[in-house]
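Observations on chain architecture
This is what each chain is made of:
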Amino acid sequence: MKSSDSWNTATRILLGFRSESYCEIEVSEGWHGDEGQTDSSSLEMHCWSIPPLNPLLPTPPPRLSHTDQCPGPLRVGWAGLKRELTPLPTGLLPSGCKSASDSSKLQQKRGGSQRVQEEQRSPTGFPCPSVESIPELRHRTAILPKVTLASAGEQWVMAYLLQGRLPINQDLLLMQKGTLMRKVRSKSWKKLRFFRLQDDGMTVWHARQAGGRAKPSFSISDVDTVREGHESELLRNLAEEFPLEQGFTIVFHGRRSNLDLVANSVQEAQTWMQGLQLLVGFVTNMDQQERLDQWLSDWFQRGDKNQDGRMSFGEVQRLLHLMNVEMDQEYAFQLFQTADTSQSGTLEGEEFVEFYKSLTQRPEVQELFEKFSSDGQKLTLLEFVDFLQEEQKEGERASDLALELIDRYEPSESGKLRHVLSMDGFLGYLCSKDGDIFNPTCHPLYQDMTQPLNHYYINSSHNTYLVGDQLCGQSSVEGYIRALKRGCRCVEVDIWDGPSGEPIVYHGHTLTSRIPFKDVVAAIGQYAFQMSDYPVILSLENHCSWEQQEIIVRHLTEILGDQLLTTALDGQTPTQLPSPEDLRRKILVKGKKLILEEEEEEPEAELEAEQESTLDLEAQLESEPQELSPRSEEKKKKPKAILCPALSALVVYLKAVTFYSFPHSREHYHFYETSSFSETKAKSLIKEAGDEFVQHNTWQLSRVYPSGLRTDSSNYNPQEFWNAGCQMVAMNMQTAGLEMDLCDGLFRQNAGCGYVLKPDFLRDAQSSFHPERPISPFKAQTLIIQVISGQQLPKVDNTKEQSIVDPLVRVEIFGVRPDTTRQETSYVENNGETLGSARESGRSMAVVFPLSRSLLSTVHRPSCNLQGKRCRQDKEWGLGSEARSLTCSDLSRLLIHCFLTCKVLTALKMKEENTGQATHQQSTLSVLSSLPSLTFPGSGFNPYWGQTLRFRVLVPELALLRFVVKDYDWKSRNDFIGQYTLPWSCMQQGYRHIHLLSKDGLSLHPASIFVHICTQEGLEEVES
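Definitions and cut-offs
Residues numbered from 1 in each chain as written. Predicted model: local features only at pLDDT ≥ 70, side-chain atom pairs only at ≥ 80, totals over all residues. Heavy atoms only, no water. Helix = DSSP H or I, 4+ residues; strand = E, 2+ residues; numbered from the N terminus. Buried < 20%, exposed > 50% of the residue type's maximum accessible area, 1.4 Å probe, protein only. Contact = heavy atoms within 4.5 Å. Areas by Shrake-Rupley, 256 points an atom, 1.4 Å probe, with all protein chains shown as cover. Axes fitted to C-alpha atoms, helices over the stretch in contact; angles between N-to-C directions. Parallel < 35°, antiparallel > 145°, perpendicular 65-115°, else oblique. Left-handed = near helix turned anticlockwise from the far one by under 90°. Salt bridge = Lys/Arg side-chain N within 4 Å of Asp/Glu carboxyl O. Phe/Tyr/Trp six-rings, centres within 6.5 Å; stacked < 30°, edge-to-face > 60°. Pairing = 2+ DSSP bridges. Core = buried A, V, L, I, M, F, W, Y, C linked by side-chain atoms within 4.5 Å. Expected span 1.5 Å × (residues − 1). Arc of directions from axis to C-beta.

Tallying secondary structure elements over the protein gives 34 helices and 34 strands in all. Looking at the protein residue by residue over its 1024 residues, the buried ones come to 54%. Nonlocal contacts in the protein, meaning residues at least 24 apart in sequence, comprise 69% of its contacts between residues at least 6 apart. Total accessible area on the protein is roughly 45700 Å²; 49% of this is exposed by carbon and sulfur atoms.

Turning to the packing of helix α10 (residues 329-339) against helix α11 (residues 350-359), a few remarks are in order. Direction vectors running N to C along α10 and α11 enclose 140°, while the axes themselves pass 8 Å from each other. By the angle between their axes, α10 is oblique relative to α11. Considering only the axes of α10 and α11, their crossing is right-handed. Residues A332, L335, F336 and A339 of α10 form the contact with α11, whose own contacting residues are E351, F355, S358 and L359.

Turning our eyes to something else, we now look at the side chain of N459. Assignment of secondary structure puts N459 in strand β16 (residues 456-461). A residue is classified by how much of its surface remains accessible, and N459, at 3% relative accessible area, is buried. Other than its neighbours up to four places away in sequence, N459 contacts R486, G487, C488, R489, C490, M733, C743, F747 and G754.

Okay, the pattern of salt bridges next. Scanning the entire structure with this criterion turns up 31 salt bridges. Here R962 makes a salt bridge to D741, at a shortest N to O gap of 2.9 Å. Here R962, found in strand β31 (residues 960-967), pairs with D741, found in helix α27 (residues 738-746); they are 221 residues apart in sequence, far enough to count as distant. Here R962 falls in the buried class, since its relative accessible area comes to 6%. One continuous salt-bridge network, built from bridges that share partners, spans D741, R810, E812, E824 and R962.

All right, on to the packing of aromatic side chains then. Taken as a whole and judged by the stated rule, the model has 25 aromatic pairs. Ring plane angle 70° and centroid distance 5.2 Å describe the contact between F387 and F426, whose orientation is recorded as edge-to-face. Of this pair, F387 sits in helix α13 (residues 381-390) while F426 sits in helix α16 (residues 423-430), and the two are 39 residues apart along the sequence. F426 carries the same exposure label as F387, and that label is buried.

Extensive coverage of strand β17 (residues 490-496) is indicated by the burial of seven of its seven residues. Neither face of β17 is open: one carries C490, E492, D494 and W496, the other V491, V493 and I495, and all of them are buried. Here β17 pairs with strand β20 (residues 536-542) via six bridges, running parallel. Directly across from E492, in β20, lies its bridge partner S539. Of the strand pairs in this sheet, β17 and strand β18 (residues 504-505) are connected by two bridges, and their pairing is antiparallel. Each residue of the ladder has a partner; that of W496, found in β18, is I504.

Before going further, it helps to examine the nonpolar core. Core analysis: the largest hydrophobic core is formed by 73 residues, its most contacted members being V493, I524, L556, L647 and F693. Ignoring any residue separated from it by four or fewer positions in sequence, one finds V493 in contact with Y480, V505, F517, V520, L538, S539, L540 and E541. With 33 residues, the next largest nonpolar core counts L949, F951, V965 and W984 among its residues.

We now examine unusual backbone geometry. In the segment running from H1005 into P1006, the intervening peptide bond is cis, with an omega of 5°. Position of P1006 among the secondary structure elements: in strand β34 (residues 1003-1017). One non-glycine residue, K393, lies in the positive phi region at around 55°. Relative to the helices and strands, K393 is located in the loop between α13 and α14 (398-409). At H419, a position not held by glycine, the phi torsion is positive, near 60°. Relative to the helices and strands, H419 resides in the loop between α15 (413-418) and β15 (421-422).

Let us look at the environment of L647. Tracing the sequence through the fold places L647 in helix α23 (residues 645-649). Overall, the relative accessible area of 4% leaves L647 in the buried class. Beyond its immediate chain neighbours, meaning those up to four positions away, L647 contacts L540, N542, Q549, I552, V553 and L556.

Let's shift gears to the sheet that holds strand β7 (residues 179-184). Here seven strands make up an open sheet; going across it, the order is β10-β9-β8-β7-β13-β12-β11 and the pairing antiparallel. Strand pairing shows two members of the sheet lacking a second neighbour, β10 (215-219) and β11 (223-228), which therefore form its edges. If you compare each strand with its neighbour and ignore which way they point, the axes differ by 35° on average. Contacting β7 and β8 (190-197), helix α5 (residues 170-177) crosses the sheet at an angle of about 120° to β8. Across the sheet, helix α7 (residues 266-284) touches β7, β8, β9 (203-207), β10, β11 and β12 (247-252), and the angle it forms with β11 is around 150°.

Here the focus is α13. Of all the residues in α13, the buried ones are E383, F384, V385, F387 and L388. Looking at the packing, one finds that the buried side of α13 touches α12 (363-372), β14 (378-379), α14, β15, α16 and β33 (990-997).

Turning our eyes to something else, we now look at α14. An ideal rise of 1.5 Å per residue puts 16 Å on 12 residues; α14 measures up with 16 Å between its terminal C-alpha atoms. Every buried residue of α14 is accounted for by A398, L401, A402, L405, I406 and Y409. One face of α14 carries all of its buried residues, which in axial projection span an arc of 135°. Away from its buried face, by an angle of more than 90 degrees, α14 presents the exposed residues D400 and D407. Here the buried face of α14 lies against α13, α15, β15 and α16.

Rendered as structure tokens:
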């Protein structure tokens, strides 16, 4: 170091000594001269008492030995430097360093693991660490350069929360301190709000002012991305009022509106943008176990009402209702006491985790495991191969797959080396993507992408610019961004003459808002190929004058550049449409083309009027806008605007033409021409000439759009049009519901690229397939679904803490008309169901407690160890496997309110070996009938159904399966809980988990249902 060099640094280091306290050391040093000698140095150490930390974090807080005196030289490392610092003189020592007598008294007071309330109240009373503990301290340090520590407890919680998983930086700490920013909803709605990142590092709350009453704003897991201010159309409109550099936009998953914020400075905006991006990346990269840990942490935070880091029994009872668990208070207290190993009267850390595990036991999986395990402890490689072949239908690949799965999911290294699978590994496999109902081989790009465009279903959007209804809704470039990020490959743009010579986009002759066409093109250019490299189709509805058409051409060519397809591939005259592979990362224009000898296509509204001989109400609505146009009188006086040749030239492969009839199309049209059909016209054609429609779609593209009556932006069932081979079935993507579930379900496969290859009989020009009258049996199959159980089902209404759902599962099949059907299980009642009420209602005990079915259907002579060990199977008499998975205390609780033990099960055995099962059940029920009513754990959280549904499917290649979980409500319509939709061709057989999605298509992790799937060739009689 040269003599001219000099620098100084101030570093603060957080040291955790015990779960109740932490210390901060501030070190300031300066270096001068060639020898790097210290010119000045100082060290300050301050200790605080803080509330106990979040108990669900990966490692416990450090617990270090203590001495009666302060340490000698303290070795601290930062920025790659290690310097030995001399302790301050006695007069400058922090007051936290106590005398020997005080320290010994404190140790006596602590009484081992017991907490000392006096210590918690003291702001400084903390003994110093010993010199021997310094290396451990050094490993535990988090170095925070030049940052003002606002709240010691909060910062330590943050540092500890993300320890080993996410680097602590200044942005996150400042976000925890909180920032006053302006929340912007419109040009007229701009209000100040105080936003703060919570101690868990995963949620952001807001209040009207600092220190005000706060409420949740959003969770980090809800955030898709963060955009800079200039990317927000709303903030751009306010650029004169707020600098764009101070603004940013938080974009959420699904259909939730964006959150536009304006900070007081560029630095504050950058702090939040960088911090949020760091957290979003962290959440995105979580594995399955980390997501479950975070889910548990979120629940703990919600249940810990007084936020003291531990849960009393009262808080646990409240949490059970929040988690959708109805449980007898006595039984809940028993589980609470079992989990409270520290006997402190509260649950912390691993204690809460153990309590959660007691709520989520999987006896049905244990029974399945023991069915294939010879010793009930593990699955050998051969046993696991048998399971994969017999139940999972994995075929010849089972041997190799078994080794892969053991290596992937077996938690113990010894198990991996021995090629065995434990119960934990088995459950891990069943809950993983490999155990999912959706075949993992269908997730990546697996289909042939070299066939003509007309051989594919194409993910398509209707009036993409709208994010609301069709009459007064908002038009926004966000509609295009969301559609493209969902995998949409065909977007619609309605273009009209705008002010100042700039074309605008909106739903003509309505009150919908208007956006500049150039902004739409810019958004499409930016997001077109973020989710898929395959071509995007720009469906133009051109209503502009010649002059503004030229502006359209200029924006398309200048903004899109090489992405825009302007000439035929290879410059040759094509004989068929190019393939998606040929058109990678290309944007195609679909629209009118100027050809003198042919009539130009009229807008869709006018097409409908021409196509139908009589004008029904729908056709009137679709044609009225043209008649009511302010320019209608002018249109009568002058001919229609002439198509600009430059715009016409951009239409290469997708020329829009009017449909008259199938014979007319075959005689006059070419493969590069495409027709649009309203849903009404398309349905009529399918009914009258479905086979001709199928043949038409083997050589030409068809686009179907929603009826003009759907002013609320509702959707039709797209399956009807896919059955006829229609490629572009346009959906109102802003509206969630069953129809969008089907659309998302079909395009979930093939890497979500937006293109799905149609079945071979819909690509054959000679096909005789008729979607309304399919030949029977046409590769017919029988589907058998056993709906077994549900896991961690969420509540429908979180505002009602005492409400518990009564879940049922509905399985729906969508395909050709004969295949479209649905069946559902019975509902599981949970609102305080008791044995007494079950007897009164005449229902089976199995409705009250799922394991009772196995207990009542087996002969009981268990050998029990009452020290908490599991009951073992008696070789002579046998005990139901579900019962074997219970502890003896579980069995005793099941069959006797207070005093029944495993001996009661022995007393209930049959008098003679050949006694009928009904007699045994009656004897069991007679004992139960004499007992007081007993409430068992509610099954809204983990319900059990164990019911089998059967379906006959004529055309499985076209079938979609939709699993829906609903909350039964006898007063009104059943409430939606979650759903999952997938194509028949992507369904895996065997024991599978179905991971539920919300109405918006977002994951409800860890909510799922457990099923067994079996398909059989041919048709069987199906019972209702």
